[in-house]
Amino acid sequence: MLAYRVREGHYGDVPLANLKLVLTAIFQGNIWAGQATGFKAALFVDSDASPQQQEGLQMIFSGQAGVVPARLSAIWGPLECRAG
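Attention here is on the structure that accompanies the text.

Reading guide: rules and limits
- Residues numbered from 1 in each chain as written.
- Predicted model: local features only at pLDDT ≥ 70, side-chain atom pairs only at ≥ 80, totals over all residues.
- Heavy atoms only, no water.
- Helix = DSSP H or I, 4+ residues; strand = E, 2+ residues; numbered from the N terminus.
- Buried < 20%, exposed > 50% of the residue type's maximum accessible area, 1.4 Å probe, protein only.
- Contact = heavy atoms within 4.5 Å.
- Areas by Shrake-Rupley, 256 points an atom, 1.4 Å probe, with all protein chains shown as cover.
- Polar contact = N/O pair within 3.5 Å; in protein donor to acceptor, adjacent residues only side chain to side chain.
- Arc of directions from axis to C-beta.
- Core = buried A, V, L, I, M, F, W, Y, C linked by side-chain atoms within 4.5 Å.
- Phe/Tyr/Trp six-rings, centres within 6.5 Å; stacked < 30°, edge-to-face > 60°.

Scanning the protein from terminus to terminus reveals 2 helices and 6 strands. Expressed as a percentage of the 84 residues in the protein, the buried residues total 29%. For the protein, contacts bridging at least 24 residues in sequence account for 38% of all contacts bridging at least 6. Here the protein displays about 5,500 Å² of accessible surface, and carbon together with sulfur accounts for 54% of that area.

Take a look at the structure:
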């Protein structure tokens, strides 16, 4: 489980500052060696986030926006996103 608070930032023109999210995952094996099986993950986004902010956070943390999460999503696979 990983918890984040965005101090500052944006996705396109959508501000993301002060939003919170939690990434949870379950799997068996060594994820860093690419040997994880049964991987399931979910992203829980701040309930104060607008639909556009939820979408931005999902794009970033699912790896669809590139950078480090994109490399991790190649290991993890797709994420389910929920506001809560």
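Now that the structure has been shown, the text picks up again.
Its place among the elements puts Asp46 in the loop between β5 (37–45) and α1 (51–61). Polar side-chain contacts of Asp46 include one of 2.8 Å to the backbone nitrogen of Asp48.

All buried positions along α1 are accounted for by Gln53, Gly56, Leu57 and Phe61. Down the axis of α1, the buried side of the element spans an arc of 115 degrees, and every buried residue falls inside it. One or two residues past the end of α1 sits Gly63, with phi positive at roughly 90 degrees.

Moving on, we come to unusual backbone geometry. One non-glycine residue, Asn18, lies in the positive phi region at around 70 degrees. With respect to the secondary-structure elements, Asn18 resides in the loop between β3 (14–15) and β4 (20–28).

Once that is clear, we can look at the nonpolar core. One finds Val6, Val14, Leu16, Leu19, Leu21, Leu23, Leu43, Val45, Ala49, Leu57 and Phe61 forming the largest nonpolar core, which totals 11 residues. The set of elements that each furnish at least two residues to this core consists of β4, β5 and α1.

With that settled, consider the environment of Ala25. Residue position: Ala25 is located in strand β4. By relative accessible area, which is 42% here, Ala25 ends up partly exposed. Through-space distance from the C-alpha of Ala25 to that of Ala42 is 6.5 Å; in sequence the pair is 17 residues apart.

On to the packing of aromatic side chains, then. Tallied over the full model, the rule gives 1 aromatic pair. Judged by centre distance (4.8 Å) and plane angle (55 degrees), the rings of Tyr4 and Phe61 are tilted. You can see Tyr4 sitting in strand β1 (residues 2–5) and its partner Phe61 sitting in helix α1, a full 57 residues away along the chain. Since its relative accessible area comes to 33%, Tyr4 is described here as partly exposed.

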